[in-house]
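Single-letter residue listing:
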Amino acid sequence: MSVPSRENLVLLSGNEAVARGAFEAGVKVASAYPGTPSTEILENFANYEGVYAEWAPNEKVAVEVAIGASMAGVRALSTMKHVGVNVAADPIFTVSYTGVRGGLVIVAADDPEMHSSQNEQDSRHYAVAAKIPMLEPSDSAEALAFTRLAFELSERFDTPFFLRSTTRIAHAKGAVKLGLPVVPPVVPGIVRDPAKWVMLPMNAKRRHVLVEERTQALVEYAETSGINRVEPGSRELGIVTGGVAYQYVKDAFPEASVLKLGMAWPLPEKLIRDFASTVDRLVVVEELDPHIEQHVKALGLEAQGKDLIPICGELDPKIVREGITGVKTALRAPETVPGRPPNLCPGCPHRGLFFVLNKLKAVVSGDIGCYTLAALPPLNGMDLCVCMGASIGAAHGIEKALGKEAHGKVVAVIGDSTFLHSGITGLIDIVYNRGNSTVIILDNHITAMTGAQENPSTGKTLQGEKTHEIDFVALCRAIGVEHVYPVNPHDMAATEEVLRREIAREAPSVVITQAPCVLLPDHRRRVKHVYEVLPDLCVGCKACSKLGCPAIEWVPFTPEDAALAGKKPTQQGMTRINPLMCDGCNQCPPLCKFKAIVGKKS
Ligand code: SF4
Ligand code: SF4
């Protein structure tokens, strides 16, 4: 990447740069489901003038919206995290056959190291499997440039394009030169062409041939376009790399010859062969799977890769250098910092629910969301968690597998956004197939885990417009659930009563815990009471600590301290509530049978 002049230079994250690139490419329609590390792309794109951006209920719908816009001759963007690509895979594999009218780009943001994901998944496999070309930027400047380019190439080759980023690219900032928006060449409007757009088998068979021809044309492009480039260096070591791994290679081996692949698929065979012939030792450096390495080896070239570079987690220059040289690099000892295990926020409504489920010894089939943190001590409140929307189907499966043995024990727990994403079909399955499971919808009125995005139950769109707000009670009844009960999860006694009754019920039931996420601005603006522990009354029994609220702290005593405080010498400490953290949720006072927790006066 050439160094840009200072004119129009701004610092952008990779996600901001993709949003800007889409705007400059003339994209008019964008649809996504939020998912770290991709979320900020749509949040930023939505702020540009003259564009339409939306949160879809899931990634499959998001891609379908983009396909419709493309068919109408408008450039369209759909973004998602890696696991979202699995959800969207069905339309993705077929839009590869239909091709596009307006340029269509799908951003797949992978999360090596699983900073906030349930698996490490390499989306480059999707490019190969779906026969969709993929660009892979190495910094923010390329994120913008490659996004613009992907739209041009999408129309030129009549194909959707993937743009793959990873967490480091998505969230790290870099200097970017802004450009002006272009007017795309395709004229918006409906052009009827069923042979291209209606994938009946007779049409799909013809389109498959075109897809294969297109891939050949794209290989030619990959060989010569310059998006894949050789950076000559020493003959001793030649490295083939791409994406963020390119940065680590340049840092670790500034003297090496490098073949930087900006196009992750299809790969330029001749270019790779020619490069290999110029170096004595060929090494492939890539994060996650040996995607490039396998293709290099399939060309009959001798190369090293995953025998030196880890297949799990993120890379960095040290890992790359040590892997290739085999020499350990001395580092200064890391600073010792106090551990900070992940936890639900103080005042989180989910805490009360999981405390109750724990008390009821329920087997909890969980889902993807903030509430997954309840699996950790002290709540230890989850027994299974697979993927978005899986909690309900899995609970039903447990009940069907164990019959009477499971009855009265199993619940599914799922967030509001996740229920609408892909949980609703599981509930339909329970009703249709005469299951008995109890489903708990945690309605905190936002998509909280990705940083508070609107969803179809919040009454507001991504671009801030008021809209219809889904009523979960009416929705569940419409599906056929006769027993639907909203509860306030901060009122743990009432929640326990309803849950005891519903878990025992021999019919499908839904309990909806209704309380807003504590991080929502409206909630935070409320004037709230906080709570305190009266030192004279606290006997240090730790019953309140079982909630795991970060605002409840433990003050240890020595026997002398205890004596001074007028306590029994056996008391080892007492609790204290941090007034800056307490959210006033009122979950802990009922747990103290000594009535030591009270509302703070001032
Ligand atoms: S505040 Fe109450 S529940 Fe908490 S440790 Fe003290 S006595 Fe026990
Ligand atoms: S009231 Fe108790 S449980 Fe709720 S935030 Fe305050 S300390 Fe935590």
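In what follows, the structure referred to is the one given above.
Residues numbered from 1 in each chain as written. Chains lettered and ligands numbered in written order. Predicted model: local features only at pLDDT ≥ 70, side-chain atom pairs only at ≥ 80, totals over all residues. Heavy atoms only, no water.

**Quick word on the overall build of the chain**
If you tally the helices and strands in the chain, you get 20 helices and 23 strands. In terms of C-alpha radius of gyration, the chain reaches 28 Å, essentially the compact-globule figure of 25 Å for 602 residues. Overall, the chain is about 80 × 60 × 50 Å in size when its C-alpha atoms are taken along their principal axes. Taking all 602 residues of the chain together, 53% fall into the buried category. (Helix = DSSP H or I, 4+ residues; strand = E, 2+ residues; numbered from the N terminus. Rg over C-alpha atoms; globule rule 2.2 N^0.38 Å. Buried < 20%, exposed > 50% of the residue type's maximum accessible area, 1.4 Å probe, protein only.)

**A closer look at the site of ligand 2**
The immediate surroundings of ligand 2 are formed by 14 residues, with Cys549, Cys582, Asp583, Cys585 and Cys588 found nearest. By residue class, the composition of the shell around ligand 2 is 10 nonpolar, 3 polar and 1 charged. (Near = heavy atom within 4 Å. Nonpolar A, V, L, I, M, F, W, Y, C, P; charged D, E, K, R; others polar.)

**Structural notes on the packing of helix α10 (residues 245-252) against helix α13 (residues 317-325)**
Between α10 and α13, the least distance of the axes is 8 Å, while the angle of their chain directions is 65°. Every pair of crossing elements has a handedness; the one defined by α10 and α13 is right-handed. Here Tyr248, Val249, Asp251 and Ala252 of α10 come into contact with α13, specifically with Pro317, Val320 and Arg321. Across the contact of α10 with α13, the residue classes tally to 5 nonpolar, no polar and 2 charged. (Axes fitted to C-alpha atoms, helices over the stretch in contact; angles between N-to-C directions. Left-handed = near helix turned anticlockwise from the far one by under 90°. Contact = heavy atoms within 4.5 Å.)

**Here we look at the site of ligand 1**
In the neighbourhood of ligand 1, the contacting residues comprise Val533, Cys538, Val539, Gly540, Cys541, Lys542, Ala543, Cys544, Thr575, Cys592, Phe594 and Ile597. Its residues placed into classes, the shell around ligand 1 shows 9 nonpolar, 2 polar and 1 charged.

**Concerning helix α18 (residues 492-504)**
For α18, spanning 13 residues, the distance from its first C-alpha to its last is 18 Å, which sits close to the expected 18 Å at 1.5 Å a residue. If you follow the buried residues of α18, they end up packed against α14 (349-359), β16 (410-415), β17 (438-443), β18 (483-487) and β19 (509-514). (Expected span 1.5 Å × (residues − 1).)

**Thoughts on the nonpolar core**
Phe354, Leu357 and Val413 are the most contacted members of the largest nonpolar core, which totals 63 residues. For Val413, the contacting residues outside a window of four places in its chain are Leu353, Phe354, Leu357, Val364, Ser365, Gly366, Asp367, Tyr371, Ser391, Ile440 and Leu442. Listed in part, the 42 residues of the second largest apolar core include Leu259, Ile272, Phe275 and Ala303. (Core = buried A, V, L, I, M, F, W, Y, C linked by side-chain atoms within 4.5 Å.)

**Here we look at the side chain of His483**
By the secondary structure assignment, His483 is in strand β18. Those residues in contact with His483 that sit more than four places away from it in its chain are Glu502, Arg505, Ala507, Pro508, Ser509 and Val510.

**Quick notes on the sheet that holds strand β6 (residues 134-135)**
Reading across from one edge, β3-β2-β4-β5-β7-β6-β12 is the order of the 7 strands in this open sheet, with mixed pairing throughout. The sheet is open, and its two edges are formed by β3 (52-55) and β12 (263-265), each paired on a single side. Two elements, strand β5 (residues 104-110) and strand β7 (residues 161-166), share 6 bridges in a ladder whose sense is parallel. In the sheet register, Val107 faces β7, and the bridge partner there is Leu163. Each of β4 (76-81), β5, β6 and β7 touches helix α6 (residues 140-157); the most contacted strand, β7, lies at about 160° to it. (Pairing = 2+ DSSP bridges.)

**Considerations on the sheet that holds strand β15 (residues 384-385)**
Strand order across the open sheet formed by 6 strands is β15-β14-β16-β17-β19-β18, with parallel pairing between neighbours. In this open sheet, the two edge strands, each paired with only one partner strand, are β15 and β18. One ladder, built from 5 bridges, connects β16 with β17; its direction is parallel. Its bridge partner lying in β17, Ile414 is registered against Ile441. Against the sheet, α14 touches β14 (363-366), β16, β17 and β19, its axis set at about 160° to β17. Sheet strands in contact with helix α17 (residues 472-479) are β17, β18 and β19, and its direction is about 165° off that of β18.

**Quick look at the packing of aromatic side chains**
Going through the model one piece at a time under the given rule, you end up with 5 aromatic pairs. Aromatic side chains Phe93 and Tyr126 sit 6.3 Å apart centroid to centroid with 80° between the ring planes, which places their arrangement in the edge-to-face category. Of this pair, Phe93 sits in helix α4 (residues 82-98) while Tyr126 sits in helix α5 (residues 124-130), and the two are 33 residues apart along the sequence. Classification of Phe93 by relative accessible area gives partly exposed; the value is 33%. On the basis of relative accessible area, Tyr126 is assigned to the buried category, the value being 17%. Ring geometry for Phe157 against Tyr221: centres 5.8 Å apart, planes inclined by 70°, an arrangement best described as edge-to-face. Placement of Phe157 in helix α6 and of Tyr221 in helix α9 (residues 201-224) is noted, with a sequence separation of 64 residues between them. The same class applies to Phe157 as to Tyr221, namely buried. Following the ring pairs from residue to residue traces out a cluster consisting of Phe23, Phe45 and Tyr48. When the ring centre of Trp197 is taken as reference, the NZ or CZ atom of Lys196 above it lies at 5.1 Å. (Phe/Tyr/Trp six-rings, centres within 6.5 Å; stacked < 30°, edge-to-face > 60°. Lys NZ or Arg CZ within 6 Å of the ring centre and 35° of its normal.)

**Overview of the pairing of strand β13 (residues 281-285)**
Counting buried residues along β13, 4 of its 5 residues qualify, which places the element largely inside the surrounding structure. By the bridge criterion, 5 bridges tie strand β10 (residues 234-241) to β13 in an arrangement that is parallel. Bridging across to β13, Leu237 finds its partner in Arg281.

**Some points on unusual backbone geometry**
Cis rather than trans, the peptide bond between Trp265 and Pro266 has omega equal to -10°. Here Pro266 lies in the loop between β12 and α11 (269-276). Across the junction of Pro377 and Pro378, the peptide omega takes the value 5°, indicating a cis bond. Note that Pro378 resides in the loop between β14 and β15.

**Observations regarding the side chain of Thr166**
With respect to the secondary-structure elements, Thr166 resides in strand β7. Residue classification places Thr166 among the buried positions, given a relative accessible area of 4%. The residues contacting Thr166, other than those within four sequence positions of it, are Asp110, Pro112, Val244 and Glu287.

**Here we look at the packing of helix α3 (residues 59-71) against α4**
As a packed pair, α3 and α4 sit with axes 7 Å apart at the nearest point and diverge in direction by 30°. When the axis of α3 is compared with that of α4, the two are roughly parallel. In this structure, the crossing between α3 and α4 has a hand that is right-handed. Mapping the contact onto sequence places Glu59, Lys60, Val63, Glu64 and Ile67 in α3 and Gly84, Val87, Ala88, Asp90, Pro91, Ile92 and Val95 in α4. Grouping the constituent residues of the contact of α3 with α4 by class yields 7 nonpolar, 1 polar and 4 charged. (Parallel < 35°, antiparallel > 145°, perpendicular 65-115°, else oblique.)

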